[in-house]
Every structure is written in structure tokens, then in C-alpha cells.
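This is what each chain is made of:
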Amino acid sequence: MNAPGMNGHVPAAHGRTLVVATGNAGKLHEITEVLGALGIAVVPFVPEGLAETGRSFVENALIKARHAALETGRPALADDSGLEVDALQGAPGIYSARYAGEGASDGDNVARLLTEMADVPDERRSARFHCLLAYLRHPEDPIPLIAHGVWEGRVLHASTGAHGFGYDPVFYVPSHGCSAAELAPAVKNRLSHRGQALRQLRRLWDGLPKTDNDIGHGHPSPPWILSPSGEGPGWGVKKRVFNRA
Ligand code: ITT
């Protein structure tokens, strides 16, 4: 169900707008900043009550993006992300948001992580954030765009720093010698799994190769991002894709 006042609302846009499916304010803020710098305004959609039943980040990102595309009738982007800790065999992974139980707060999740890692020495505290982005032109888009960013670091012994969200206060960033929560937001966006994935997505939108070894198979130029009037091509895009086949 749509959250009142948020979903379906198209801000007075000076450029292109894009529906982003997330109920996480921290994520939303970061995505808004990075896409804003690319001239794309975010229209938030809260996937309230939606079960994330996937067994992988990419499946959950697709579930959220598909739901938002269906509910809004517009192209939609979703982020599924989490922390992979080597000493915990990859946990909390796709369960990062509910590591301390359903409805857990960031503080609860961090507390559980620190407890689980209490006896783990520094040299075995390696971890990384993953961010999977799924972009769908419409709910039945057979060619979703998928982008993946990874950010390597270590789990600290205690929380430090006031920026960011989630596990940022206990995620040590080796390149800067501090926690992710001690980085200025713009610096985090430059380094982070999410920043990387968003820039990768932009390359796919532009039809550019994802990497130097890739031939490039993105949807060329993004006409399916909404126009300033807020009207997206929606199902029309699907027809065009099918007609071309
Ligand atoms: P939506 O599904 O509505 O987007 P969510 O918080 O449930 O919100 P996820 O299922 O993708 O999102 O869970 C991601 C969790 O991983 C998030 O709640 C954080 O605890 C953690 N996480 C992801 N990115 C992070 C980041 O940049 N910094 C700190 N923690 C992060």
C-alpha cells in the first residue's frame, strides 16, 4: 500500500524523475544525493508490508522494484543491500536489516553483530557491504538492469561516528582510517557500495559497457525515466520492446 503523501507524488521537477522503492530513510537520502548529481529527482515509494522472500540480494531487489512498478505504473529502482562478514560465514548478508529479529532497529542489529564478533581478533574481522540495484521499466520487464557495488572493510570493536545509518558506525574504512559513520556523506557516496552501484547503473542506462571487458547491453539512453511532467512511457515501453523483437 502507498504511504500517504509520499508515493505517486511527483515533485515539481526541473529534470527527470525516477521512482525509488525503499522504506529506509538512510538509503533514500544517499540515492537521492547521487541521482540528484546526475540530474535525476527521486520519487520515493515505500514498499510497506512487502515480504522480501528472495534468497539473494538480487532477488529481493527485483521483488521490491517489481512491486513499485506495479503499484505506481512507472519504471522503478530498488536497492537490496547488506553486510557480509567473513568470520560469520557471510552473515548477516541478506538478513542485515533483521539480524536482531523482525522489526529490529539499527542499534539492535549493531549490538548483535558486536556480540557475535566479541571474540574475533582483528585479523579475522574482514567484511564488505554489497548493494544490488534492480531497475525495471515496467512490472514485467524481461530485461531488468542490475548493478552491483562492493565496499571492503572490517568490523570494529565498538560504534563510532554520527553520520550514515545501519552498520556504518562499526564498519572500518581502511582507505580513510575511520568508520563509515565518520565520513562526510559526500565522501561515503564516492566510496560506498551504493555509490558504486548507482554509477554503474548510469553506465547501463547510457548503454555503456559495465566494465572494460563487457560489450555493453544496457537500455540505450533512459527515455523511461519520467519526463518533467511526470509521465513515463510505462507500458508503452513494453510494447515498443516487444514490437522490435
Ligand atoms: P528497504 O528494503 O525498504 O529498502 P531495508 O532497510 O529493509 O529497506 P534491506 O532489506 O536492503 O533494506 O537491508 C539493508 C540493511 O543493510 C540496512 O537495513 C542496513 O542495516 C544495512 N546496510 C545497507 N547499506 C548500508 C550502508 O550503506 N551503511 C550501513 N548499513 C547498511
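Let me sum up the structure you'll find in this document. Starting from 1, residues in each chain are numbered consecutively following that chain's sequence as written. In keeping with the model being predicted, local features are shown solely for residues with a pLDDT of at least 70 and side-chain atom pairs are shown and tallied solely at 80 or more, while totals for entire chains, interfaces and linings include all residues. Heavy atoms from the whole structure form the basis of all side-chain values; hydrogens and water molecules are not counted.

### Points about the nonpolar core
Stage number 1. Residues Leu 83, Val 85, Leu 113, Met 117, Trp 151, Tyr 167 and Phe 171 are the most contacted members of the largest nonpolar core, which totals 22 residues.
Stage number 2. The set of elements that each furnish at least two residues to this core consists of β3 (76-85), α3 (106-116), β4 (126-136), β5 (145-155) and β6 (171-173).
Stage number 3. Put simply, DSSP H or I for four residues or longer makes a helix, DSSP E for two residues or longer makes a strand, and each gets a number counted from the N terminus. With three residues, the top contributor of residues to this core is α3.
Stage number 4. Excluding residues within four positions of it along the chain, Leu 113 makes contact with Leu 83, Val 85, Leu 88, Tyr 99, Val 155, Tyr 167 and Val 170.
Stage number 5. Within the second largest apolar cluster, 19 residues are counted, among which are Val 34, Tyr 135, Leu 198 and Leu 204. For the purposes of this section, nonpolar cores are sets of buried Ala, Val, Leu, Ile, Met, Phe, Trp, Tyr and Cys residues that join through side-chain atoms within 4.5 Å. Note on classification: 1.4 Å probe, protein chains only; a residue is buried when its accessible area is under 20% of the maximum for its type, exposed when over 50%, partly exposed between these limits. We call two residues contacting when some pair of their heavy atoms lies within 4.5 Å.

### Description of the site of the ligand
Stage number 1. A cutoff of 4 Å decides nearness: a residue is near a molecule or strand if any of its heavy atoms lies inside that distance of it. Close to the ligand lie 20 residues; Thr 22, Gly 23, Lys 64, Asp 168 and Lys 188 are nearest.
Stage number 2. In the environment of the ligand, an oxygen atom lies 2.9 Å from a nitrogen or oxygen atom belonging to the side chain of Glu 52.
Stage number 3. Per-residue and other accessible areas were derived by the Shrake-Rupley procedure at a 1.4 Å probe size, with only the shown protein chains allowed to occlude residues. Here the ligand loses 92% of its free accessible area of 610 Å² to cover by the protein chains.
Stage number 4. Top element by residues in the shell around the ligand is β3. It accounts for four residues. Definition of a polar contact: a pair of N or O atoms within 3.5 Å, with one able to donate and the other able to accept a hydrogen when the atoms are protein atoms, and with sequence-neighbouring residues admitted only if both atoms are side-chain atoms.

### As for the sheet that holds β4
Stage number 1. Whether two strands pair depends on DSSP finding at least two bridges between them. Strand order in the open sheet made by the seven strands is β2-β1-β3-β4-β5-β6-β7, with mixed pairing throughout. Looking at strand neighbours, the two that pair on one side only are β2 (40-45) and β7 (178-179), the edges of this open sheet.
Stage number 2. Packed onto the sheet, helix α1 (residues 25-37) meets β1 (16-21), β2 and β3 and runs at close to 160 degrees relative to β2.
Stage number 3. Working convention: axes come from line fits to C-alpha atoms, limited for helices to the stretch in contact. Angles between N-to-C directions cover 0 to 180 degrees. The sheet contacts of helix α5 (residues 193-205) involve β1, β2, β3, β4 and β5, and relative to β5 the element is tilted by about 160 degrees.

### Focus: unusual backbone geometry
Stage number 1. Omega for the peptide link from Ala 91 to Pro 92 comes to -5 degrees, which places this bond in the cis form.
Stage number 2. Relative to the helices and strands, Pro 92 is located in the loop between β3 and α3.
Stage number 3. One non-glycine residue with positive phi stands out, namely Gln 89, at about 55 degrees.
Stage number 4. Tracing the backbone through its elements, the reader meets Gln 89 in the loop between β3 and α3.
Stage number 5. Relative accessible area serves as the criterion here: at 73%, Gln 89 is assigned to the exposed category.

### Brief notes about the pairing of β2
Stage number 1. Counting buried positions along β2 gives five out of six residues, so the element sits mostly inside the fold.
Stage number 2. Bridge analysis of β1 against β2 gives six bridges, and the strand direction is parallel. Across the sheet, Ala 21 pairs through a bridge with Phe 45, a residue of β2.
Stage number 3. For the handedness criterion, the β-α-β arrangement of β1, α1 and β2 is classed as right-handed. Look down the strands so they point away from you; if going from the first strand over the helix to the second traces a clockwise path, that crossover is right-handed.

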